[in-house]
Amino acid sequence: MQHIEADIEQLQMKVAFQEDTIEELNKALIKQQKQLELLEFQLSHVINKVKEIEVPSGDSQEVEPPPPHY
């Protein structure tokens, strides 16, 4: 009977350890998801800024004057 009780106690300890581990992993996953969402927002913002400053290539009607050293 003591053997069964020892086995049950050992199983309870393993379950408690697994619950703690799962909780820690869940917290880490939540933190990473928040970081990912922030990075996606920042990347989207950077992409929009780059699109705003892009100069069309070859389609410009204006002719650039030659540099002063010519």
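Since this is a predicted model, take the numbers as computed values, not measurements.

Can you walk me through the overall build of the protein chain in this structure?
The number of helices and strands found in the protein chain is one helix and zero strands. With 70 residues in all, the protein chain has 0% of them scored as buried. As displayed, the protein chain has an accessible area near 7400 Å², and 59% of this comes from carbon and sulfur atoms.

How do you make sense of a nonpolar patch on the surface when you look at a structure like this?
A contiguous nonpolar surface patch, about 350 Å² in accessible area, is contributed by M1, I4 and I8. By the element assignment, M1 lies in the segment before α1 (2-53).

Please clarify how a negative patch on the surface should be interpreted in this entry.
On the surface, E19, D20, E23 and E24 cluster together into a patch of negative charge. Mapping E23 onto the fold places it in helix α1.

Thresholds, definitions, all that
Residues numbered from 1 in each chain as written. Predicted model: local features only at pLDDT ≥ 70, side-chain atom pairs only at ≥ 80, totals over all residues. Heavy atoms only, no water. Helix = DSSP H or I, 4+ residues; strand = E, 2+ residues; numbered from the N terminus. Buried < 20%, exposed > 50% of the residue type's maximum accessible area, 1.4 Å probe, protein only. Areas by Shrake-Rupley, 256 points an atom, 1.4 Å probe, with all protein chains shown as cover. Patch = residues over 30% accessible without salt bridge, like charges linked within 9 Å, V, L, I, M, F, W, Y side chains within 5 Å. Salt bridge = Lys/Arg side-chain N within 4 Å of Asp/Glu carboxyl O. Lys, Arg positive; Asp, Glu negative; His and termini not counted. Charge placed at Lys NZ, Arg CZ, Asp CG, Glu CD.

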